[in-house]
Amino acid sequence: MRLDVAVAHGLLASAQARLARKAHEEIQVALRQVAAPLERGEDARPLAAEMIRTMIEGGGIGLAAPQLGVSKRLIVGLHQSEGWSFVLINPVITKRDKHRVWGREGCLSLPGKLVGVRRHKTVTVEGHDVEWKPVRIKARGLLARVLQHEIDHLDGRLMTDGEEPDPSRGTRERKLEHVVYET
Ligand SMILES: [Zn+2]
């Protein structure tokens, strides 16, 4: 049987749209779930590879499995300044600095949004690599922020949940007001 080319294209387009919609719905659900831990020995390599590819294609520096619609405790990231990447299975924050710092961050799941969030200045994260070897990362600065952002994804939290206004803006505005009133 021959199918009219235009009809065939139409069917293909609607099937693709349906698949895209289904993927979108699955991702939206996964983004709000508490993800399940991976079972010891589970092969995380195919998913980790897919995540690293998505992260790099999207120009990101971190990604969590729920962002691909997979509700599992797996994150990947890049340490840009030192030029290494990591895969962490079942990551847990085992130590956190009491001091938190405000900074703007973006998220591949919330395109175009930049949100101010306070994060612990330093964190120690423990988990396993893809070979199931124990890993401990002591992080500060941007890496500490990335790890907290990605681990939040595993608990169904998005950066917008912790959004806080720029603490320095108020100060600057108050200072400006002060100057205006003085003159
Ligand atoms: Zn994110």
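Look up: the structure comes first, before these words.
This text gives an overview of the structure that appears in the document. (Residues numbered from 1 in each chain as written. Predicted model: local features only at pLDDT ≥ 70, side-chain atom pairs only at ≥ 80, totals over all residues.)

So, the sheet that holds strand E1 (residues 62-64)
We count it as follows: Pairing between two strands requires that DSSP report at least two bridges joining them. Secondary structure elements follow DSSP: runs of H or I of four or more residues count as helices, runs of E of two or more count as strands, with numbering from the N terminus. The convention used is that axes are lines fitted to C-alpha atoms, helices contributing only their stretch in contact, and that angles between N-to-C directions extend from 0 to 180 degrees. Contacts here follow a simple rule: the backbone-placed C-beta atoms of the two residues must lie within 7 Å.
Across the sheet, five strands lie side by side as E1-E2-E3-E6-E7; this open sheet has antiparallel pairing. Across the chains shown, the open sheet's two edge strands, defined by having one partner strand only, are E1 and strand E7 (134-140). Looking at each pair of strands side by side, their axes are set apart by 40° on average, direction ignored. Where E1 lies against strand E2 (residues 74-79), three bridges are found, and the strand directions are antiparallel. Within E2, the position partnered with Gly-62 by the bridge is Gly-77. On top of the sheet, helix H2 (residues 45-57) reaches E1, E2 and strand E3 (84-96); it is set at about 45° to E2, its chief contact. In the packing of helix H3 (residues 141-154) onto the sheet, the strands contacted are E1, E2, E3, strand E6 (122-128) and E7, and the crossing angle to E7 comes to about 125°.

So, the pairing of E6
As a reminder of what qualifies: The exposure scheme places C-beta atoms from the backbone and then counts, for each residue, the other C-beta atoms within 10 Å of its own, assigning buried at 20 or more, exposed at 12 or fewer, and partly exposed in between.
Burial of E6 is one-sided: the residues Val-123, Val-125 and Gly-127 facing one way are buried, the residues Thr-122, Thr-124, Glu-126 and His-128 facing the other way are not. Looking at chain direction, E3 and E6 are connected through five bridges and run antiparallel. Looking across to E6, one finds that Ile-89 is bridged to His-128. Bridge analysis of E6 against E7 gives seven bridges, and the strand direction is antiparallel.

Considerations on the nonpolar core
Selection criterion: In plain words, the nonpolar core is the set of buried Ala, Val, Leu, Ile, Met, Phe, Trp, Tyr and Cys residues that C-beta atoms within 7 Å link up.
Core analysis: the largest hydrophobic core is formed by 28 residues, its most contacted members being Ala-48, Met-51, Ala-65, Leu-74, Ile-75, Val-76 and Leu-147. Contributions of two or more residues to this core are made by H2, E1, E2, E3, E6 and H3. Setting aside anything within four residues of it in sequence, one finds Met-51 in contact with Leu-63, Ala-65, Leu-68 and Val-76.

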